[in-house]
Amino acid sequence: MTRALIVAAALTVMGLLKLPVERDLAVLHREQHFRSVEFNLDLREKLGQLGFIAALSGFRAIVADALFIQAHVAWENTEWGRMLLLFRHMTTLQPRVLLFWDTAAWHMAWNASVAAMNDPNQPRQTLRVKAQREYFALGKDFLERGIKNNPDRPELYEALARLYKEKYKDHEHAAEYYAKAAMVPEAAPWDRRFSAYELSYCEGRESEAYERLHSLYDEGEKERLPTLIKRLKFLEEKLGIPEDQRISDKK
């Protein structure tokens, strides 16, 4: 009886000691935007027994890296469906690794979409276009979910902006996501500029784009790049800016 009481007391003390540590870890995870990995039967079936045990044992990074190698092989063999599943597993296991989200989006929205559009086994143009758009959507989904897991990093905002610009020809959303990237502390210095460039192509938002581009121009020579000047001059003409208010043609 005495031994049982001692063991119970020891477990109680250990539990009390663990509470503040676990609470601090939970706060840290929320601050770092970690999302829990769902170790359910579905993941067990997808990873296989050894992979699932390794993930449960704390070897998620090793499992994810092994899956990344498999995804590269799938890419070489143009196995787009297999690649999609592998990247979904990787991003589930390691949601804070930007490389997995970015590479998954690139393969889906660029490589797989081009392959679908040029598929020699599909004679119908409408079905090729449909498949292409589906791959665009898969790439976008990876980036959107990646941003939810990594809202404090600019790279995925930039990647989503490029996707909207290059694949959807949607300058307004491209401007929006470059602007969001620019608001992140580690943003690249060109994000603000790219956002203003994209906005200058949006019908009905020329005045806003003109103000933003002119504001950059006024910051000095470092911002007076050829594209910025070209877009400013275009907007000066479109908005009918008086001659005495236009930027100089001199370098």
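What counts as what
- Residues numbered from 1 in each chain as written.
- Predicted model: local features only at pLDDT ≥ 70, side-chain atom pairs only at ≥ 80, totals over all residues.
- Heavy atoms only, no water.
- Helix = DSSP H or I, 4+ residues; strand = E, 2+ residues; numbered from the N terminus.
- Areas by Shrake-Rupley, 256 points an atom, 1.4 Å probe, with all protein chains shown as cover.
- Expected span 1.5 Å × (residues − 1).
- Buried < 20%, exposed > 50% of the residue type's maximum accessible area, 1.4 Å probe, protein only.
- Arc of directions from axis to C-beta.
- pLDDT = per-residue confidence, 0-100.
- Contact = heavy atoms within 4.5 Å.
- Salt bridge = Lys/Arg side-chain N within 4 Å of Asp/Glu carboxyl O.
- Phe/Tyr/Trp six-rings, centres within 6.5 Å; stacked < 30°, edge-to-face > 60°.
- Core = buried A, V, L, I, M, F, W, Y, C linked by side-chain atoms within 4.5 Å.

When its secondary structure is counted, the protein shows 11 helices and zero strands. Counting from the amino terminus, the protein carries its helices and strands in the arrangement α-α-α-α-α-α-α-α-α-α-α. Of the roughly 15,400 Å² that the protein leaves accessible, carbon and sulfur atoms contribute 57%.

Here we take up helix H11 (residues 226-239). Its 14 residues give H11 an end-to-end C-alpha distance of 20 Å, which sits within 8% of 20 Å, the value for a rise of 1.5 Å per residue. Turning to H11, its buried residues number three or more, namely Leu-228, Arg-231, Leu-232, Leu-235 and Glu-236. Projected onto a plane normal to the axis of H11, the buried residues spread over an arc of 145° and lie on a single side. Among the exposed residues of H11, those pointing more than 90 degrees away from its buried face are Pro-226, Lys-230 and Glu-237. Positioned one or two residues after H11, Gly-240 has a phi angle of 65°, which is positive.

Further remarks concern the confidence of the model for the protein. Per-chain confidence: the protein averages 84 in pLDDT, with 76% of residues scoring 70 or above. Across residues 13-19, where pLDDT falls below 50, the model places zero contacts with residues more than four positions away in sequence or in other chains. Below pLDDT 50 for its whole length, residues 24-37 participates in 14 contacts with residues either more than four positions away or in separate chains.

Trans is the common state for peptide bonds, and a negative phi is the common state for residues other than glycine. Of note, Thr-78 is a non-glycine position whose phi angle comes to about 50°, a positive value. Within the secondary structure, Thr-78 is located in the loop between helix H3 (60-76) and helix H4 (80-93). The phi dihedral of Lys-169 falls on the positive side, at around 55°, and the residue is not glycine. Its location among the elements puts Lys-169 in the loop between helix H7 (155-166) and helix H8 (171-182). When its relative accessible area of 60% is taken as the criterion, Lys-169 is described as exposed.

What follows covers the pattern of salt bridges. For the structure on display, the rule yields 21 salt bridges. Here Arg-153 ties to Glu-186 by a salt bridge, and the two come within 3.9 Å at their closest N and O atoms. Pair noted here: Arg-153 is in the loop between helix H6 (125-149) and H7 and Glu-186 is in the loop between H8 and helix H9 (191-199), with a separation of 33 residues, a long-range link. The class of Glu-186 is exposed, set by a relative accessible area of 56%. A salt bridge links Lys-222 to Glu-223; the nearest nitrogen and oxygen atoms lie 3.7 Å apart. Judged by relative accessible area, Glu-223 falls into the buried class, the value being 5%. A network of salt bridges, in which partner residues are shared, links Arg-192, Arg-193, Glu-219, Lys-222 and Glu-223.

Quick look at the packing of aromatic side chains now. Applying the stated criterion to the full structure yields nine aromatic pairs. Where Phe-68 meets Phe-87, the ring centres are 6.1 Å apart and the plane angle is 85°; that geometry is what we call edge-to-face. Of this pair, Phe-68 sits in helix H3 while Phe-87 is found in helix H4, placing the two residues 19 residues apart along the sequence. For Phe-68, a relative accessible area of 26% translates into the label partly exposed. Ring plane angle 35° and centroid distance 6.0 Å describe the contact between Phe-194 and Tyr-197, whose orientation is recorded as tilted. Placement of both Phe-194 and Tyr-197 in helix H9 is noted, with a separation of three residues, approximately one turn of the helix. According to the relative accessible area criterion, Phe-194 is partly exposed, its value standing at 30%. A connected cluster of aromatic rings, assembled from ring pairs, spans Phe-136, Tyr-164, Tyr-168 and Tyr-177.

Attention now goes to the nonpolar core. Core analysis: the biggest nonpolar cluster contains 39 residues, and Met-83, Phe-87, Met-90, Phe-142, Leu-143 and Tyr-177 have the highest contact counts within it. Among the secondary structure elements, those contributing two or more residues to this core are H3, H4, helix H5 (98-117), H6, H7 and H8. Top element by residues in this core is H5. It accounts for 10 residues. The residues touching Tyr-177, leaving out its near neighbours within four places in the chain, are Ile-147, Tyr-157, Leu-160, Ala-161 and Tyr-164.

Moving on, we come to the environment of Trp-75. Mapped onto the elements, Trp-75 comes out in helix H3. Of the residues examined, Trp-75 reaches a relative accessible area of 30% and is grouped as partly exposed. Taking the C-alpha atoms as reference points, Trp-75 and Asn-111, separated by 36 residues in sequence, lie 8.8 Å from one another.

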